[in-house]
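Now for the letters of each chain:
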Amino acid sequence: MEGFDRIIEEVFAEVKAINDLGEVASYIPELLNVDAQKFGVYLTSISEFKYGKGNFTEKFSIQSISKVLSLSLAYSILGESIWSRLGVEPSGTSYNSLIQLETDRGIPRNPFINAGAIVISDILISNLKDYKNEFLNFVRKLSGGKPIDYSNKIATSERSVGYRNVALCNFIKSFGNIENDPSEVLDFYFDICSLEMSCIELSETFLFLANNGINPHNNEQVLTKSQSKRMNALMQTCGFYDESGEFAFKVGLPGKSGVGGGIVAVHPGHYVITVWSPKLNRKGNSFKGMQFLEKFTTESTLSIF
Ligand code: GLU
């Protein structure tokens, strides 16, 4: 990891100076209350190299990045049988699309579009007694005991306008792929999306996916080696909405983005890097985050390809 600090410094300065052509997500009203100029980066490695720049200690709304964490918990409980409820194909449509569900008879294409994450919320409710706290404890343990929580403000704000997700959940229920009451499933889904974490916390939390499924903070095997490989494969193919191909092409790492402007990228066996910059490009991914990661993997010449 030698020289990574210098590369982060240089690429950070270069991307900070770029005119940000993105826009802060506005469909969840509370997300607009963020300072659009925030920009943070944090890298943590298996070899315990750590380096941050900018606003890397500030918490932000991780939104869809949480879909990787809820899937990890569900996958650790159910194993491969989970794939009878949802697919593993890139959707090629927007993250909140209803169209495919009709032809696919209520089986979401993958766990990282909203429909898929809603099914995962349903699975967690069916399998855990105190699901809200158990999910939170799962994430806190992965982070090495950091104070991670849901944001009531963000969840309430999204609940007040979440008509499309309500439609998705009811539609899937009509095909029999939701077991619980849709309002309970949606309530949990919005809480999961509302998790707030900093770049440090996210990088530390995702380290198990760079470490063959083992939580490096307590050496617990969270996912098997094969499951961890599959999580990375899904992030590679489905992690960036309708821009997943572009991310693989330009950055070359598995990752996941969220409409809060965060991106986590994993280099299996090596490191996790998190970037946060709230303004999003047209595909819903952080404008500067994408630029940063493209330049970072180009400069470091380290990608999985
Ligand atoms: N809570 C957001 C939604 O359901 C998540 C979107 C995202 O980050 O992709 O619309």
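Everything numeric in this text was worked out from a predicted model, so none of it was measured.

(A) View of the sheet that holds strand 9 (residues 262-267). The 5 strands are arranged 3-2-10-9-8 in an open sheet whose pairing can be described as antiparallel. The strands lining the two open edges of the sheet, one partner per strand, are strand 3 (50-54) and strand 8 (255-257). Going from strand to strand, the sheet's axes swing by 5° on average, the running direction of each strand aside. Note: strand 9 against strand 10 (residues 271-276), 6 bridges, orientation antiparallel. Across the sheet, the residue bridging to His267 is Tyr271, located in strand 10. Set on the sheet, helix 1 (residues 4-17) makes contact with strand 2 (40-45), strand 3 and strand 10; between it and strand 3 the angle comes to about 15°.

(B) Seen up close, the pairing of strand 2. Counting buried residues in strand 2 gives 6 out of 6 residues, a clear majority hidden from the surface. Burial of strand 2 is two-sided: the residues Gly40, Tyr42 and Thr44 facing one way and the residues Val41, Leu43 and Ser45 facing the other way are all buried. Of the strand pairs in this sheet, strand 2 and strand 3 are connected by 5 bridges, and their pairing is antiparallel. Looking across to strand 3, one finds that Thr44 is bridged to Lys50. Counting the residues in the hairpin turn of strand 2 and strand 3 gives 4 residues, including Glu48, whose phi is positive at 65°.

(C) Up close: the nonpolar core. Within the largest apolar cluster, 64 residues are counted, with the highest numbers of intra-cluster contacts made by Phe135, Leu195, Phe206 and Leu209. The element that contributes the greatest number of residues to this core is helix 4 (residues 114-127), accounting for 8 residues. When near neighbours in sequence (up to four residues on either side) are disregarded, Phe135 contacts Ser66, Leu69, Ser70, Leu73, Tyr150, Phe188, Ile192 and Leu195. With 23 residues, the next largest nonpolar core counts Phe4, Phe12, Val41 and Val275 among its residues.

(D) The packing of helix 2 (residues 66-78) against helix 4, seen in detail. The N-to-C vectors of helix 2 and helix 4 enclose an angle of 45°; their axes lie 9 Å apart at closest approach. It follows that helix 2 is oblique to helix 4 by the angle criterion. Taken as a pair, helix 2 and helix 4 cross one another with a handedness that is left-handed. Residues Lys67, Ser70, Leu71, Leu73, Ala74, Ile77 and Leu78 of helix 2 lie in contact with helix 4, whose contacting residues are Asn114, Ala117, Ile120, Ile123, Leu124 and Asn127. Across the contact of helix 2 with helix 4, the residue classes break down as 9 nonpolar, 3 polar and 1 charged.

The rules we used
Residues numbered from 1 in each chain as written. Predicted model: local features only at pLDDT ≥ 70, side-chain atom pairs only at ≥ 80, totals over all residues. Heavy atoms only, no water. Pairing = 2+ DSSP bridges. Helix = DSSP H or I, 4+ residues; strand = E, 2+ residues; numbered from the N terminus. Axes fitted to C-alpha atoms, helices over the stretch in contact; angles between N-to-C directions. Contact = heavy atoms within 4.5 Å. Buried < 20%, exposed > 50% of the residue type's maximum accessible area, 1.4 Å probe, protein only. Core = buried A, V, L, I, M, F, W, Y, C linked by side-chain atoms within 4.5 Å. Parallel < 35°, antiparallel > 145°, perpendicular 65-115°, else oblique. Left-handed = near helix turned anticlockwise from the far one by under 90°. Nonpolar A, V, L, I, M, F, W, Y, C, P; charged D, E, K, R; others polar.

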